[in-house]
Amino acid sequence: QVQLVESGGGLVQAGGSLRLSCAASGRTFSTYAMGWFRQAPGKEREFLARITWSGINMYYADSVKGRFTISRDNSNNTGYLQMTSLKPEDTAVYYCAADRQGVGTERFAWDYEYWGQGIQVTVSS
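Bear in mind the structure is a predicted one, so any value in this text is a computation, not a measurement.

> Can you tell me about the pattern of salt bridges, naming the residues and giving the values?
When the charged atoms of two side chains lie near each other, side chains of opposite charge can form a pair. Applying the stated criterion across every chain yields a total of 6 salt bridges. In this structure, the salt-bridge partner of Asp90 is Arg67, at a minimum N-O distance of 2.8 Å. You can see Asp90 sitting in the loop between strand S8 (78–83) and strand S9 (92–99) and its partner Arg67 sitting in the loop between strand S6 (58–60) and strand S7 (68–73), a full 23 residues away along the chain. Residue Asp90 shares its accessibility class with Arg67, and that shared class is buried. Three or more residues are tied together by salt bridges with common partners; here these are Arg38, Glu46, Arg67 and Asp90.

Written out as structure tokens, the structure is:
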């Protein structure tokens, strides 16, 4: 069992940066892949990025490639999403998720077994 808790969200001006953190409980987190998703009002949950268990392979949605960076620190059971050049359309609730399959390029929400509660990110114009 893995529990995930996001932090680091908030209000930022367009062009600014934020770093989201995802603190995980459970000794098995280091063997899981981790992903970040977001959901804006009235829209479906959107895949943003995935990192494999080792931290070697990362995958990004086209909408955030070059602006967002996913990383993890298995020694601290924590994952991160560094967001730069933020735009008003990045406003959403952001979720971290864990996938027991530690490798692969899964981008669908149903591939992830564990989810955080979500955290609001608001980008003002």
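> Explain the sheet that holds S7 residue by residue, including any values.
If you walk across this open sheet you meet the 4 strands as S1-S3-S8-S7, and the pairing is antiparallel. Strands with a single pairing partner mark the edges of an open sheet, and in this sheet they are strand S1 (3–7) and S7. The mean angle between the axes of side-by-side strands here comes to 15 degrees, regardless of whether they run parallel or antiparallel.

> I'd like a description of the state of the cysteines, backed by residues and values.
Within the structure shown, the criterion is met by 1 disulfide. A sulfur-sulfur distance of 2.1 Å marks the disulfide that ties Cys22 to Cys96. For the disulfide bridge between Cys22 and Cys96, the dihedral angle about the S-S bond is near 65 degrees, and by the sign convention the bridge is right-handed. Separated by 74 residues along the polypeptide, Cys22 in strand S3 (residues 18–25) and Cys96 in strand S9 bring together distant segments of the chain. Pair check on accessibility: Cys22 and Cys96 agree, each one buried.

Calculation notes
- Residues numbered from 1 in each chain as written.
- Predicted model: local features only at pLDDT ≥ 70, side-chain atom pairs only at ≥ 80, totals over all residues.
- Heavy atoms only, no water.
- Salt bridge = Lys/Arg side-chain N within 4 Å of Asp/Glu carboxyl O.
- Helix = DSSP H or I, 4+ residues; strand = E, 2+ residues; numbered from the N terminus.
- Buried < 20%, exposed > 50% of the residue type's maximum accessible area, 1.4 Å probe, protein only.
- Pairing = 2+ DSSP bridges.
- Axes fitted to C-alpha atoms, helices over the stretch in contact; angles between N-to-C directions.
- Disulfide = S-S within 2.5 Å.

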